[in-house]
Amino acid sequence: MSEIEIRAVRFDAPVAQQLITATLADLGVRYGGSGDETPVAATEFEPPAGAFLVAYLAGEPVGCGGWRSHGADTAELKRMYTAPAARGRGVARAVLAAVERSAREQGRKRIVLECGDKQPEAIALYSAAGYERIPNFGFYKDSEGCVSFGRTL
């Protein structure tokens, strides 16, 4: 098994946009439409207010995730994704740990996220990583099927 390498990149970098496009396509299949209408700006993922990370296996980009500020001491996890061919190989766990570490290094004490009930593998990952259900927030807080999680860093 190849070692997972994680690199910080700009949110608007071509490799990040390629993975984000795949993320939104995956969400579109699950939920319809564009996949996610949450307003997101590339500048929100620039340190120290955020970061965007890409995971590589054998030199190929296979996953991503980032965080943006959600208040003074909280980070919001966004755009977590693992390419289908790389699933089951620890990519998502590695990206999640790297995102948490990045947010903690920038002084964040807590991390929150919202996802949907048609993402059972994501819900299982977050639960296994110590995330707990919190009241819904964000763009989809009033949408049926929205599930939000948080955890102390």
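### Side note on the overall build of the protein chain
The number of helices and strands found in the protein chain is three helices and seven strands. From first element to last, N terminus to C terminus, the protein chain shows the α and β order β-α-β-β-β-α-β-α-β-β. Against the globule reference of 15 Å for 153 residues, the protein chain gives a C-alpha radius of gyration of 14 Å, in line with a compact fold. Its C-alpha atoms give the protein chain principal-axis dimensions of roughly 40 × 35 × 30 Å. For the protein chain, with 153 residues in total, the buried portion stands at 46%. Counting every atom, the protein chain has about 7700 Å² of accessible surface; 52% of that belongs to carbon and sulfur.

### Here's the deal with the packing of aromatic side chains
Scanning the model with the defined rule gives six aromatic pairs in all. Seen in terms of ring centroids, Phe-45 and Phe-52 are 6.0 Å apart; in terms of plane orientation they differ by 90°. Their pairing is edge-to-face. Side by side, Phe-45 and Phe-52 carry an identical accessibility label, which is buried. Their ring planes at 80° and their centres at 4.9 Å tell us that Phe-139 and Tyr-140 sit as a pair that is edge-to-face. For Tyr-140, a relative accessible area of 25% translates into the label partly exposed. Of the aromatic side chains, those joined through ring pairs into one cluster are Phe-11, Phe-45 and Phe-52. Here Arg-7 stacks its cationic end above the ring of Tyr-56, 3.8 Å away from the centre of that ring. Over the aromatic face of Phe-149 sits the side chain of Arg-133, whose NZ or CZ is 6.0 Å from the ring centroid.

### Description of the nonpolar core
Counting residues in hydrophobic clusters, the biggest one holds 25 residues, and the most contacted among them are Leu-77 and Tyr-126. The set of elements that each furnish at least two residues to this core consists of β2 (50–57), β3 (60–69), β4 (74–82), α2 (91–105), β5 (110–116), α3 (120–128) and β7 (146–152). Among the elements that take part in this core, α2 stands out by supplying six residues, more than any other. Setting aside chain neighbours within four positions, we find Leu-77 in contact with Gly-66, Trp-67, Leu-96, Val-99, Ile-111, Val-112, Leu-113 and Tyr-126. With 14 residues, the next largest nonpolar core counts Ala-13, Ala-16, Cys-64 and Tyr-81 among its residues.

### Regarding the pairing of β4
For β4, the tally of buried residues reaches nine of nine residues, placing the bulk of the element in the interior. Bridge analysis of β3 against β4 gives six bridges, and the strand direction is antiparallel. Paired with Gly-63 across the bridge in β4 is Thr-82. Two strands pair when backbone bridges link them, and β4 and β5 are joined in this way by three bridges, in the parallel orientation. Within β5, the residue paired with Glu-76 across the bridge is Val-112. Read from β4 through α2 to β5, the crossover connection turns out right-handed.

About the thresholds
- Residues numbered from 1 in each chain as written.
- Predicted model: local features only at pLDDT ≥ 70, side-chain atom pairs only at ≥ 80, totals over all residues.
- Heavy atoms only, no water.
- Helix = DSSP H or I, 4+ residues; strand = E, 2+ residues; numbered from the N terminus.
- Rg over C-alpha atoms; globule rule 2.2 N^0.38 Å.
- Buried < 20%, exposed > 50% of the residue type's maximum accessible area, 1.4 Å probe, protein only.
- Areas by Shrake-Rupley, 256 points an atom, 1.4 Å probe, with all protein chains shown as cover.
- Phe/Tyr/Trp six-rings, centres within 6.5 Å; stacked < 30°, edge-to-face > 60°.
- Lys NZ or Arg CZ within 6 Å of the ring centre and 35° of its normal.
- Core = buried A, V, L, I, M, F, W, Y, C linked by side-chain atoms within 4.5 Å.
- Contact = heavy atoms within 4.5 Å.
- Pairing = 2+ DSSP bridges.
- Right-handed = clockwise from strand over helix to strand, strands pointing away.

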